[in-house]
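# Understanding the architecture of this molecule
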Amino acid sequence: MADEPTDPTTELTGALVVRARRLRVMCWSLAAALLLVFTAVSFGLQGSTGANLGSFQRGDQAAMVGLGLVGAAVILLFTRPRVEADAAGVRVRNVLRSYQLPWSLVAAVRFDRDAAWASLELADDELVPMLALQSVDREHAVEAVRALRRLHAASRTATAAG
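Here's what I pulled together on the structure shown here. (Residues numbered from 1 in each chain as written. Predicted model: local features only at pLDDT ≥ 70, side-chain atom pairs only at ≥ 80, totals over all residues. Heavy atoms only, no water.)

Let us now look at the pattern of salt bridges. Across all of its chains, the model carries 7 salt bridges by this definition. Notably, a salt bridge pairs E139 with R146, separated by 3.8 Å at the nearest N-O pair. Overall, the relative accessible area of 47% leaves E139 in the partly exposed class. Residue classification places R146 among the partly exposed positions, given a relative accessible area of 42%. Ionic contacts of the salt-bridge type, sharing partners, join the residues R82, E84, D86 and R91 into one network. (Salt bridge = Lys/Arg side-chain N within 4 Å of Asp/Glu carboxyl O. Buried < 20%, exposed > 50% of the residue type's maximum accessible area, 1.4 Å probe, protein only.)

See below:
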């Protein structure tokens, strides 16, 4: 996280790198809270299960903490979205899927008013969502979309000139 720019227009070796801000904070907070709750519940698993049918063991407590870890890991999957772009193209990493596209395939960078996130419109009218650019990030997302549009326009100009 320390090697990422805080300003989406900041370039690292000619590349733009953008990640969602609020989503990451929310996910890390929620994952920590979930793990804390499951750990606290595990300490309460002691004694009889009721009606003398069995009793809780250390393995039950460990399993409860394990379930908390699995739940936290699933929540942290939502911190994966990232967009990297340079003169050659754009790489979009969403929760479960990634795309690597040259600018020649991209028709437009879209961020519609009512949209939850930005997207790339491809030449064949397909839309590729960019979950890293969310409307809740407000100006951060707007500046990132502007930077992507500048890179896209520069690529189009270079292609037309060449």
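Don't stop here, the text continues.
Where strand β6 (residues 106–110) meets strand β7 (residues 117–122), 4 bridges bridge the pair, whose relative direction is antiparallel. Opposite R110, over in β7, you have S119 as the bridge partner. (Pairing = 2+ DSSP bridges. Helix = DSSP H or I, 4+ residues; strand = E, 2+ residues; numbered from the N terminus.)

Another point: the environment of D86. Mapped onto the secondary structure, D86 falls in the loop between β3 (82–85) and β4 (89–93). Among the polar contacts made by the side chain of D86, one reaches the side chain of R91 at a distance of 3.2 Å. (Polar contact = N/O pair within 3.5 Å; in protein donor to acceptor, adjacent residues only side chain to side chain.)

Turning our eyes to something else, we now look at the nonpolar core. With 22 residues, the main nonpolar core has V90, W103, L120, M130, L133 and L148 as its most contacted residues. The set of elements that each furnish at least two residues to this core consists of β2 (15–19), β3, β4, β6, β7, β8 (127–134) and α3 (139–161). With 5 residues, α3 is the largest single contributor of residues to this core. Sequence-distant contacts of L148, that is, excluding residues within four places in its chain, are made with L16, V83, A85, V90, W103, V109, M130 and L133. (Core = buried A, V, L, I, M, F, W, Y, C linked by side-chain atoms within 4.5 Å. Contact = heavy atoms within 4.5 Å.)

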